[in-house]
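Okay, here's what each chain looks like letter by letter:
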Amino acid sequence: IGHEYFHNWSGNRVTCRDWFQLTLKEGLTVFRDQEFTSDLNSRVAKRISDVKLLRMAQYPEDASPISHPIRPPSYVEINNFYTATVYEKGAEVIR
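Residues numbered from 1 in each chain as written. Predicted model: local features only at pLDDT ≥ 70, side-chain atom pairs only at ≥ 80, totals over all residues. Heavy atoms only, no water.

Undergrad: Whenever I open this one, helix H1 (residues 2–9) confuses me. Can you help?
TA: At 3.6 residues per turn, the α-helix brings residues three or four places apart onto the same side. Taken as a whole, H1 has its buried residues at His3, Phe6 and His7. The buried residues of H1 occupy one face: seen down the axis, they fall within an arc of 110 degrees. The elements touched by buried residues of H1 are helix H2 (22–40) and helix H4 (84–94). (Buried < 20%, exposed > 50% of the residue type's maximum accessible area, 1.4 Å probe, protein only. Helix = DSSP H or I, 4+ residues; strand = E, 2+ residues; numbered from the N terminus. Arc of directions from axis to C-beta. Contact = heavy atoms within 4.5 Å.)

Shown next, in the form of structure tokens:
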């Protein structure tokens, strides 16, 4: 729920020039959600949780045949763009 709220707060105001800027929009939204949640609770516990998610979801993706940079040079199907790399790794780059 927080992720979608932050789209409303800032993400919907970030207009992507093209689909290759999706990481900017989604990574920023994930980062803001992480920061908000860490302000409400324990910052250390939230960071540990975020890193565990990164290691469980994004690291295996990077080691697989579907590995791609946060800003891929091209795409075949836009639905293949919504990956842990775009969301989680994008948030780490913004961090």
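Now, onward.
Undergrad: Sorry, what's going on with a nonpolar patch on the surface here?
TA: A surface patch of nonpolar side chains, amounting to about 300 Å² of accessible area, comprises Trp19, Tyr75 and Tyr82. Here tyrosine 75 lies in the loop between helix H3 (43–62) and H4. The partly exposed category is assigned to tyrosine 75, whose relative accessible area is 35%. (Patch = residues over 30% accessible without salt bridge, like charges linked within 9 Å, V, L, I, M, F, W, Y side chains within 5 Å. Areas by Shrake-Rupley, 256 points an atom, 1.4 Å probe, with all protein chains shown as cover. Salt bridge = Lys/Arg side-chain N within 4 Å of Asp/Glu carboxyl O.)

Undergrad: In this structure, what is going on with the packing of H2 against H4? I would like to understand it.
TA: The description of two helices packed together rests on the angle between their axes and the distance between the axes. It is at 7 Å that the axes of H2 and H4 come closest, and there the two elements cross at 75 degrees. Considering the angle they form, H2 stands roughly perpendicular to H4. Residue-level inspection shows Leu22, Thr23, Leu24, Glu26, Gly27, Leu28, Val30, Phe31 and Gln34 of H2 in contact with H4, the latter providing Val86, Tyr87, Glu88, Gly90, Ala91 and Ile94. Looking at the contact of H2 with H4 residue by residue, the classes come out as nine nonpolar, four polar and two charged. (Axes fitted to C-alpha atoms, helices over the stretch in contact; angles between N-to-C directions. Parallel < 35°, antiparallel > 145°, perpendicular 65-115°, else oblique. Nonpolar A, V, L, I, M, F, W, Y, C, P; charged D, E, K, R; others polar.)

Undergrad: Got a minute to help me understand the pattern of salt bridges in this structure?
TA: Close approach of charged atoms lets side chains of opposite charge pair. Within this structure, the stated rule accounts for seven salt bridges. Two residues, aspartate 50 and lysine 46, come together in a salt bridge whose shortest N-O distance is 2.8 Å. With a gap of four residues between them, aspartate 50 and lysine 46 both fall in helix H3, about one helical turn apart. The burial state of aspartate 50 is the same as that of lysine 46; both residues are buried. For glutamate 92, the salt bridge identified is with arginine 47, shortest N-O distance 2.9 Å. You can see glutamate 92 sitting in helix H4 and its partner arginine 47 sitting in helix H3, a full 45 residues away along the chain. Its relative accessible area of 29% is what places arginine 47 among the partly exposed residues.

Undergrad: Just checking my understanding: could you explain the environment of valine 51 for this structure?
TA: Positionally, valine 51 belongs in helix H3. C-alpha of valine 51 to C-alpha of glutamate 92: the two residues are 41 residues apart in sequence and 9.5 Å apart in space.

Undergrad: Could you clarify how one ought to interpret the packing of aromatic side chains in this entry?
TA: The description of an aromatic ring pair rests on the distance of the ring centres and on the angle between the ring planes. Counting across every chain of the model gives one aromatic pair. Ring plane angle 45 degrees and centroid distance 6.3 Å describe the contact between tyrosine 82 and tyrosine 87, whose orientation is recorded as tilted. (Phe/Tyr/Trp six-rings, centres within 6.5 Å; stacked < 30°, edge-to-face > 60°.)

Undergrad: Looking at this model, I keep getting lost on the nonpolar core. Mind explaining?
TA: One broad trend across soluble globular proteins is that nonpolar side chains are buried collectively. One finds Phe20, Leu22, Val30, Phe31, Ile78, Phe81, Val86, Tyr87 and Ala91 forming the largest nonpolar core, which totals nine residues. If you list the elements that add at least two residues to this core, you get H2 and H4. Apart from the residues lying within four places of it in its own chain, the contact partners of tyrosine 87 are His3, Glu26, Gly27, Val30 and Tyr82. (Core = buried A, V, L, I, M, F, W, Y, C linked by side-chain atoms within 4.5 Å.)

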